[in-house]
Each structure stands twice: as C-alpha cells, then as structure tokens.
Amino acid sequence: MGGLQPWHWVIVIAVFVLLFGAKKLPDAARSLGKSMRIFKSEIKEMQADSKTETPTQISSERVVDPADAPTTQAATEPSSDKRPA
C-alpha cells in the first residue's frame, strides 16, 4: 500500500501517450528538462549571491531613525478618507 506498482506506471504512461500523442511527448520532455536546468542555475546563482554578501555590506546600509526623519505638512494633518460611500 502507498507506492505505485509497475502496472500503475504502465497505465499512466499509456494515458499520457493517448492524451498527448507520441510526437508531442519528446518535445514536452525536452522543454521540461530545459526548464529544470534554468531553474537549477538560478538557484545556484541566488545561493552564490547570498554567500558573497558579507556582514559589513549589510551593516553599511543606511538606516533612517523615524525621530530624525523630516516631517511634512501632510504627515502632521489628520488623514481623511476620500473614498466614495
């Protein structure tokens, strides 16, 4: 119970051949393989980018304290809801 038996796979493959035809299946498999290669390369690139980022780069980002931020007239006026009822 739980796993697919070999005869289950035969039925699944037969259904795919009937639905998509023998001509389209190799193209679909080729497209799927190409998509997986692109996905893997993007994941590796993201991991390499995160490894090259050092703590000094993160801490050197400018953080603005809300108390030091300049106030504007729009920020001091009470907000009014101008949505139609």
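Residues numbered from 1 in each chain as written. Predicted model: local features only at pLDDT ≥ 70, side-chain atom pairs only at ≥ 80, totals over all residues. Heavy atoms only, no water.

Per an unreviewed UniProt entry, the recorded name for the protein chain is Sec-independent protein translocase protein TatA, and the organism is Mycolicibacterium hippocampi. Under the Sequence similarities (unreviewed entry) heading, UniProt states for the protein chain: "Belongs to the TatA/E family." (UniProt positions renumbered as here; feature names shortened; annotations may be inferred.)

Asker: What should I look at first to understand the overall build of the protein chain in this one?
Answerer: Scanning the protein chain from N- to C-terminus turns up 3 helices and 0 strands. Order of helices (α) and strands (β) in the protein chain, N terminus to C terminus: α-α-α. Within the protein chain, the proportion of its 85 residues that are buried is 0%. When the accessible surface of the protein chain is summed, it comes to about 8600 Å², and 63% of that surface belongs to carbon and sulfur atoms. (Helix = DSSP H or I, 4+ residues; strand = E, 2+ residues; numbered from the N terminus. Buried < 20%, exposed > 50% of the residue type's maximum accessible area, 1.4 Å probe, protein only. Areas by Shrake-Rupley, 256 points an atom, 1.4 Å probe, with all protein chains shown as cover.)

Asker: Explain a negative patch on the surface to me, please; I cannot follow it from the model alone.
Answerer: Side chains of Glu42, Glu45, Asp49 and Glu53 sit close together on the surface and give a patch of like negative charge. Inspection of the secondary structure puts Asp49 in helix 1 (residues 6-52). (Patch = residues over 30% accessible without salt bridge, like charges linked within 9 Å, V, L, I, M, F, W, Y side chains within 5 Å. Salt bridge = Lys/Arg side-chain N within 4 Å of Asp/Glu carboxyl O. Lys, Arg positive; Asp, Glu negative; His and termini not counted. Charge placed at Lys NZ, Arg CZ, Asp CG, Glu CD.)

Asker: Quick question: what am I supposed to make of the packing of aromatic side chains here?
Answerer: Each aromatic ring pair is specified by the distance between its two centres and by the angle formed by the two planes. Applying the stated criterion to the full structure yields 1 aromatic pair. Taken together, a centroid distance of 5.9 Å and an interplanar angle of 20° make the contact between Phe16 and Phe20 stacked. Residue Phe16 and its partner Phe20 are located together in helix 1, separated by 4 residues, close to a single helical turn. Overall, the relative accessible area of 42% leaves Phe16 in the partly exposed class. (Phe/Tyr/Trp six-rings, centres within 6.5 Å; stacked < 30°, edge-to-face > 60°.)

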